[in-house]
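Residues per chain are reported as follows:
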Amino acid sequence: EKGTYPHYMLKEIDEQPLVMRKIIQEYQNEAGSVKINDDIANAVNAADRVYIIACGTSYHAGLVGKQFIESWAKVPVEVHVASEFNYNMPLLSENPLFIFISQSGETADSRAVLVTIKALGHKALTITNVPGSTLSREADYTLLLHAGPEIAVASTKAYTAQIAVLAILAAKTAESKGHSLEFDLVKELGIAANAMEALCDQKEEMDYIAREYLSTTRNCFFIGRAVDYYVGLEGALKLKEISYIQAEGFAGGELKHGTIALIENGTPIIALATQGHVNLSIRGNVKEVVARGANPCIISLKGLEEEDDRFVLPEVHESLTPLVSVVPLQLIAYFAALHRGCDVDKPRNLAKSVTVE
Ligand code: M6R
């Protein structure tokens, strides 16, 4: 039930801090470190390569998860859109592990890949919000998101839950490989949950940003580098899905290879700047579009902010910034859709779970 909320989407955005705390509780041992079924950590450990298979928002979470698994557990990862995999299969490694990410656990494109790789004799782990779902039943292992039912077509709390569970899986695998993390993941996830809560309290500001940048525009670009690029893809999907504004996410350095031709006077550019190692270069990319008339909305992380930034995110561990940077993007999309009179929870042409290939 959505209670006093006007839309499920807004309720589900607000639930994100609670979901984070629930995940911490579910995946924490008595000593306060991450806990995951040993068989699952061993399966990741035993693989020479991980293939993440997903669609839409879940695919975007997979891109973030790749960073965790590669940098912490030192296992190479490929992330594939499910609908392409069977028709354009990459050369598989000798001992792959497949990770299916799906909120619903019913997505037909992902299931088709599961059927293929099981027939080849490979192992699969499903990360899903729905226990007993098809993808969960047909895989060898399951990790649950514990996000509670997600009703709005636009996925919000499942995305952040997927990122948190992937972080925990990567940390646990790293630990069993003897590469311990340089920080306390459980503690940092708790800090991120608090930061998400603070962001959920700033709806008026997000409403304002949506009015300021998006009330009349036909299009909008999201740019970022490194993990901010992946979050930008998600911000763009959210915005286009519910507001029907044409929105695209790009790696900051790619615009000048073509897309910059679309920048006109006033074109909104939402730029994420949460990563120290690319802070200078993303700001250079913003200058390039501003010189062509773009209207920049820079969202930066505390500690990296500059004077003209439109919004500053509370500080969290640099690897967990997607958990916080996506929240304003979700809210901006929500308010943009609301201002345009769109059906926020049930956008046209879309279903909550896509059960056809
Ligand atoms: O249930 P799934 O996670 O497998 O769904 C995948 C996509 O269909 C889904 O994330 C879709 O992109 C959302 N509507 C995006 O908000």
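A brief structural summary. (Residues numbered from 1 in each chain as written. Predicted model: local features only at pLDDT ≥ 70, side-chain atom pairs only at ≥ 80, totals over all residues. Heavy atoms only, no water.)

## A short note on the sheet that holds strand 4 (residues 123-128)
- The sheet built from 5 strands is open, its strands ordered 2-1-3-4-5 with parallel pairing. At either end of the open sheet lies a strand with only one pairing partner, and these are strand 2 (77-81) and strand 5 (141-144). Shown here is a sheet whose adjacent strand axes are inclined to one another by a mean of 20°, direction ignored.
- Both strand 1 (residues 49-54) and strand 3 (residues 96-102) contribute to a ladder of 5 bridges, which runs parallel. Its bridge partner being in strand 3, valine 50 is matched across the sheet by leucine 97.
- Contacts from helix 4 (residues 56-73) reach strand 1, strand 2 and strand 3 within the one sheet, and its direction differs from that of strand 2 by about 175°. (Pairing = 2+ DSSP bridges. Helix = DSSP H or I, 4+ residues; strand = E, 2+ residues; numbered from the N terminus. Axes fitted to C-alpha atoms, helices over the stretch in contact; angles between N-to-C directions. Contact = heavy atoms within 4.5 Å.)

## Here we look at unusual backbone geometry
- Phi at tyrosine 244 takes a positive value of approximately 65°, unusual for a residue other than glycine.
- By the secondary structure assignment, tyrosine 244 is in the loop between helix 11 (227-243) and strand 7 (246-251).
- Despite not being glycine, asparagine 349 has its phi angle at roughly 70°, a positive value.
- You can see asparagine 349 is positioned in the segment after helix 13 (321-339).

## Brief notes about the sheet that holds strand 10 (residues 311-313)
- One open sheet accounts for 5 strands, arranged 7-6-8-9-10; its pairing is parallel. Either end of the sheet is taken by a strand with one partner, and the two such strands are strand 7 and strand 10. With strand direction ignored, the average angle separating the axes of adjacent strands in the sheet is 20°.
- The pairing of strand 6 (residues 219-224) with strand 8 (residues 268-273) spans 3 bridges and is parallel. From the neighbouring strand, phenylalanine 221 faces strand 8, where its bridge partner is isoleucine 269.

## Some remarks on the site of the ligand
- The local shell around the ligand holds 14 residues, among which Ser58, Ser102, Ser104, Thr107 and Glu241 are the closest.
- Separating an oxygen atom of the ligand from a side-chain N or O atom of serine 58 is a distance of 2.6 Å.
- Contact between the ligand and threonine 107: an oxygen atom at 2.5 Å from a side-chain N or O atom of the residue.
- Protein chains shield 91% of the accessible area of the ligand, which is 410 Å² for the free molecule.
- Among the elements of the structure, helix 4 and helix 11 are those that each provide at least two residues to the shell around the ligand.
- Counted by class, the shell around the ligand contains 4 nonpolar, 8 polar and 2 charged residues. (Near = heavy atom within 4 Å. Polar contact = N/O pair within 3.5 Å; in protein donor to acceptor, adjacent residues only side chain to side chain. Areas by Shrake-Rupley, 256 points an atom, 1.4 Å probe, with all protein chains shown as cover. Nonpolar A, V, L, I, M, F, W, Y, C, P; charged D, E, K, R; others polar.)

The analysis is restricted to geometry; functional conclusions fall outside its scope.
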